Structures are given as C-alpha cells and as structure tokens.
Amino acid sequence: MKELILGGARSGKSRTAEQHAIDSGKQVIYIATATAGDDEMAQRIEHHQQQRPDHWRLIEEPFALTQTLQQQAAEDHCILVDCLTLWLTNMLINKESELALSVFELVEVLPMLPGDIIFVSNEVGNGIVPADPLSRRFCDEAGRLHQNLAQVCDRVTLVIAGLEQSLK
Amino acid sequence: MKELILGGARSGKSRTAEQHAIDSGKQVIYIATATAGDDEMAQRIEHHQQQRPDHWRLIEEPFALTQTLQQQAAEDHCILVDCLTLWLTNMLINKESELALSVFELVEVLPMLPGDIIFVSNEVGNGIVPADPLSRRFCDEAGRLHQNLAQVCDRVTLVIAGLEQSLK
Amino acid sequence: MKELILGGARSGKSRTAEQHAIDSGKQVIYIATATAGDDEMAQRIEHHQQQRPDHWRLIEEPFALTQTLQQQAAEDHCILVDCLTLWLTNMLINKESELALSVFELVEVLPMLPGDIIFVSNEVGNGIVPADPLSRRFCDEAGRLHQNLAQVCDRVTLVIAGLEQSLK
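Residues numbered from 1 in each chain as written. Chains lettered and ligands numbered in written order. Predicted model: local features only at pLDDT ≥ 70, side-chain atom pairs only at ≥ 80, totals over all residues. Heavy atoms only, no water.

Asks: Help me understand the side chain of A:S135 in this model?
Replies: Checked against the element boundaries, A:S135 lands in helix α6 (residues 133–152). On the basis of relative accessibility, which here comes to 17%, the residue A:S135 falls in the buried class. For A:S135, the side chain forms a polar contact with the side chain of A:D132, separated by 2.7 Å. With residues up to four places along the chain from it excluded, the contact list for A:S135 reads A:P130 and B:I128. (Helix = DSSP H or I, 4+ residues; strand = E, 2+ residues; numbered from the N terminus. Buried < 20%, exposed > 50% of the residue type's maximum accessible area, 1.4 Å probe, protein only. Polar contact = N/O pair within 3.5 Å; in protein donor to acceptor, adjacent residues only side chain to side chain. Contact = heavy atoms within 4.5 Å.)

Asks: Any chance you could explain the packing of aromatic side chains here in plain terms?
Replies: In this description, a pair of aromatic rings is defined by centroid distance and the angle of the planes. Residue and element names in this part refer to chain B. Taken as a whole and judged by the stated rule, the model has two aromatic pairs over all chains. Geometrically, the ring pair formed by Y30 and W56 is stacked, given 6.5 Å between the ring centres and 25 degrees between the ring planes. Separated by 26 residues along the polypeptide, Y30 in strand β2 (residues 27–32) and W56 in the loop between α2 (39–51) and β3 (57–60) bring together distant segments of the chain. Both residues of the pair, Y30 and W56, belong to the buried class. (Phe/Tyr/Trp six-rings, centres within 6.5 Å; stacked < 30°, edge-to-face > 60°.)

Asks: Whenever I open this one, the interface of chain A and chain B confuses me. Can you help?
Replies: Frequently, the measure chosen for interface size is the accessible area removed from exposure when the parts meet. At the interface, 24 residues of chain A touch 21 residues of chain B. Taking both partners together, chain A and chain B bury about 1700 Å²; carbon and sulfur atoms supply 55% of that area. Our enumeration of links across chain A and chain B arrives at eight residue pairs in polar contact (both at pLDDT 80 or more). For the side of chain A that touches chain B, the elements supplying multiple residues, two or more each, are α2 (39–51), α6 and β7 (163–166) of chain A. If you tally residues by element for the side of chain A that touches chain B, the top one is α6(A), at three residues. Of the residues contributing to the side of chain A that touches chain B, the split by class is eight nonpolar, 11 polar and five charged. (Buried area = accessible area lost by both parts, 1.4 Å probe. Nonpolar A, V, L, I, M, F, W, Y, C, P; charged D, E, K, R; others polar.)

Asks: Got a minute to help me understand the relation of the copies chain A and chain B in this structure?
Replies: To go from the first copy of the chain to the second, apply a rotation about an axis and then a shift along the same axis. Here chain A sits on chain B after a turn of 120 degrees about the axis and a move of 0.0 Å along it, with an RMSD of 0.0 Å. On the angle and the small slide along the axis, the relation comes out as a three-fold axis. Closest approach to the rotation axis within chain A is made by the C-alpha atom of A:G127, at a distance of 2.3 Å. (Least-squares fit on C-alpha atoms with pLDDT ≥ 70 in both.)

Asks: How should I be thinking about the nonpolar core in this particular structure?
Replies: Most often, soluble globular proteins have nonpolar side chains that are buried together. Among the nonpolar cores identified, the biggest contains 116 residues, and A:F119, B:F119 and C:F119 are the most heavily contacted of them. In this structure C:F119 touches C:E3, C:L4, C:I5, C:L69, C:V81, C:L84, C:L106, C:L110, C:L149 and C:C153, once residues within four positions along its chain are discounted. (Core = buried A, V, L, I, M, F, W, Y, C linked by side-chain atoms within 4.5 Å.)

Asks: How should the interface of chain A and chain C be read in this particular structure?
Replies: Opposite the 21 residues of chain A that make contact, chain C presents 24 residues. Both sides together, the interface formed by chain A and chain C hides about 1700 Å², and carbon and sulfur atoms give 55% of it. Counting the surface chain A buries against chain C, the share from its top three residues, A:N126, A:I128 and A:Q147, is 38%. At the junction of chain A and chain C, the tally comes to one salt bridge. Note that A:D140 and C:R10 form a salt bridge whose closest N and O atoms lie 3.4 Å from each other. There are eight residue pairs in polar contact (both at pLDDT 80 or more) connecting chain A and chain C. Counting residues per element, the ones that place at least two in the side of chain A that touches chain C are α6 and β6 (155–160) of chain A. For the side of chain A that touches chain C, the element with the highest residue contribution is α6(A), accounting for nine residues. Partitioned by chemical class, the residues of the side of chain A that touches chain C number eight nonpolar, eight polar and five charged. (Salt bridge = Lys/Arg side-chain N within 4 Å of Asp/Glu carboxyl O.)

The analysis is restricted to geometry; functional conclusions fall outside its scope.
Below, the structure written as structure tokens:
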C-alpha cells in the first residue's frame, strides 16, 4: 500500500501518518528529509522525534530518496517519508539540475516497491500566489509532484484540523 | 452542540455560521473578537454587523474568550464566536505569555458548557509557508488550536465558495 | 450545465476542466483570459496551449468575459474559461471601477446562457492573510466571486493533487 498524506501547516498530517504506520502492523522505518539548518528547524525536528515510538528505525536522508526507498522497501516494512516538501526544498536549493529526473525516478520506481510506503507532504498551493519567483517555482514543483504521486498511490488523504479526508 | 466552522478568506464561513445559529432556534449571542484597529478593519466589522439580525445580543471580547463563554453559555443559548483567528492574533500580539494556557483552558472547558457554541476560524495553513517568523508562529498556533478544538467539537465544517463540507 | 472548477496552484484544475470539456461531447470554445505580460507568463500560456486539442477554437479575452460568453454560448457548445483568477486580476489592475458591475453581470447572465460553460479559478484564500493591501483585496474579490458563481453553477468541483472533490 502506497499512500500520500497531504495537509497544511500544523494540520496533523505527521501524526496521521504516524498512526497509519502503527496501524500497518509492520516494522516502521522513518525517513526524515529535514536538515537542522537553524534553531527553529532543530526545534521542529526534535518536536517530531519526541512524538515517535522509540523502536522505529530512523534514516536521515535529505536527497537520495528513491535510492533509500529501494534499499529499505520490503514486504514487512512500512516506510514513512516525512516530508516530501523538505526533500523538494533540499533538491531545489542544492541540486536543482537533478530535480526533474529525481521526481521522475520516484514516480516510476514507487509502484514496483514492496511493502507499505507513506509520504507526508505540505499542501502549499491554496494561498495567494507568492510574489517571489523561488516560492512560485516551489509551489509549481510541489503541485506537480503531488499530482504525479497521487496517480501512482493507492490512497491519498488530506488532513484538515487533524481530521482525515479521503481523496482517493 | 459544539461546532467549528473553518474556511479561507471570503469563503462564506461567517454567513454559514450565522445560518447555523439561526437554525438552532435558540437565543443567539454573538461574541465579536475583532477590534477596530484601522479603517479597513472597521469596515470589515461594519460589513459583518449589517448582515446580522438586530435581535442578536452582541458581546465584544478580544481576550477573555473562555470566561465569556462560561458566563453566557446556557441550554437555550447559541453562542457564535467570530472569529478565533482574531482572538489568536489579539493574544499573540498582546498577551503572548498567556496564550498556551488560554488555549488549554478553552479546550478543557468547552465540552462541559451547556447549549450550542459555534466557532468561526480562518484556514490559513494551506498556502506557502510564510517568510516572516510571526506569521509562521501564527500558522502554527492556528493549526494547533484547530486540531485541539476539532477533537472536542461535535461538528467540524469546512466552507469553500460558500459551500459546506462536513469534516466531522 | 454550468460548472466552477476550483484548485490551488498546479493542482491539475485546468487538466480536469479540459477533460470535462472533452467529456461534454460538444464543440469546445476555449476562452483564455491570460495576457503574456512577461516571459514566465508567456511560458505558462504556451504550456497550456500544448496540452489542448488543436481543433478547439481559441478566443483571447482579458476583459469582456460576459459579452464573449453571450456571443459564443450555444446549446451544442462547451465554453471553457481559463481562468477567472486572471480575468479578476486584469479587471482589478486595469478597470477597477467596472469590476463590481462586471461580476454582477456575469452572475446574472450565466443561468440564462445555453449549452455548457466551465470556469477554472484559483483557490487563493486558504493561506496566511497577505500583508499587502492589493493581494488582500484580490483575495476578497476572488472569494466573493467564487461564492456568487457557486450559487448559480450546477456543479462545483475542487481539485487537489489532480483528484476531483465534488463540492456541489
């Protein structure tokens, strides 16, 4: 089962994904895409860590998402990727020339991987169109990624105020 | 019946809440959290006032929300709080040190209050993550408040283009 | 059949609308409201053009939307307006004094027009309230337009990650 969980800032999307991972009954591998670039981000990462069960395996991987999924995916594993938004940001800022191919690879490879994979991502496209070009570019890339992943995921869920809406 | 009505800017969330208040058949008490700090806000307040029935009782309360609810709640009252977003803004700007406790109190007290209470609040977390720290903090606080209130409300409704979506 | 299709940036709303137009089985007339003011916009327009069937008739009309609809609407036509957001922007920047009347006309005239008409529009109101007055004004106008159109449309659809949610 492949699932995409979308939600706005502090919508409860990570908690929802963590609950889905627990409900899978499989061994959970948590792929954190965040890098603690500043104090605020370090705090956000720590906040997320405290909420997760201790026995989950943690892999920190800001860039090589598809390769990590290929290495870790197994029938009895549930891999939780939190979150795609930061992976996209990491790629856009540090490896822009590889972004399009990386997204293509992820979407191509995903349906062939065994076990459960849950992606968490921020819904960022429903506000006013941002004035700065990088934010606009990011919105475009995030929207495209969500559309492409939604096609190949078995379930797509939107989280609003901690409540789940099934989109697919 | 406790209800949380979420919606974006000019989504029709206030009109929806006002209709739900009328439909309750109870005596409506309107708690306005807005303070007319500038001309634009004064205009927005007046615009809302013109739409409301004259016989509704109006209480203007920018800060002491839980206390006002405790004083006014009664089995034959329907209290309409419009809106939580401005209450949160008022608290964040003027009484930040009391914010966490105030939210905790509201969520703790709400299930024990008699009668109907309807909260209106802005969905603000589905756009690009804001660049300035205060807006980001506000997004976080609003998201947390919505999650916590959604847990203890009987109904949660999202308004888009004036149309109601039942979330709970 | 009149339909309003809402969605965030790169949500797949245009592609959804184009599919609905094809599914109508009628002759499709595409009303483009965009004007290629800069290179980025020119690219976006070209991107949209490449995705559309060649035999669709194209009308470029940044301002006189209602009049164009009145001229083109026919029982065997499906008119696709992509998008209302840019029409609103065009009016707000160039013909602000006519905006209110133009919206009123559109909403009044629409139910009387024959055939199918599909409107595409950006959902922009679910992020943080914008700091600059023009963006705030735009959010207000877009929200009001969506509410008014939703009232007179037979179907309202929200697109998220390329997936359709029926709102009406």
